[in-house]
Amino acid sequence: MPRKKEKSIRRTTGKGGNYRPTKAGAGMTKKGVAAYRRKNPGSKLKTAVTGKVKKGSKAAKRRKSYCARSAGQMKKFPKAAKNPNSRLRQARRRWKC
């Protein structure tokens, strides 16, 4: 009988703590992204763009794209949009949206 695939649990601490705690800006850690890419060969997942970027650079375009996508989430989840401590708001702050 084939085994069922393990569903990973989103954790911020301990073994498999691949996500930042909300207070640290939410999103995935560098270690978490590396683990994901090992499990999913060919993946292009990257960490957040948090530093200064040149206008029009690839990083600037990724940031702009993320900010646009997450703005849509703000509309879809008004409760999270109003709460300054929600994962969505913290992640947007980390990305400098």
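Enquirer: Which residues make up the packing of aromatic side chains, and what are the values?
Expert: Any pair of aromatic rings gets described here by the distance separating the centres and the angle formed by the planes. Counted according to the given criterion, the structure contains 1 aromatic pair. Aromatic side chains Tyr66 and Trp95 sit 4.3 Å apart centroid to centroid with 15° between the ring planes, which places their arrangement in the stacked category. Of this pair, Tyr66 sits in helix H2 (residues 58-76) while Trp95 sits in helix H4 (residues 87-95), placing them 29 residues apart in sequence. For the pair Tyr66 and Trp95, one class covers both residues: buried.

Enquirer: So, the environment of Ala34: which residues are in play, and what are the values?
Expert: In this fold, Ala34 is placed in helix H1 (residues 30-39). For Ala34, a relative accessible area of 35% translates into the label partly exposed.

Thresholds, definitions, all that
Residues numbered from 1 in each chain as written. Predicted model: local features only at pLDDT ≥ 70, side-chain atom pairs only at ≥ 80, totals over all residues. Heavy atoms only, no water. Phe/Tyr/Trp six-rings, centres within 6.5 Å; stacked < 30°, edge-to-face > 60°. Helix = DSSP H or I, 4+ residues; strand = E, 2+ residues; numbered from the N terminus. Buried < 20%, exposed > 50% of the residue type's maximum accessible area, 1.4 Å probe, protein only.

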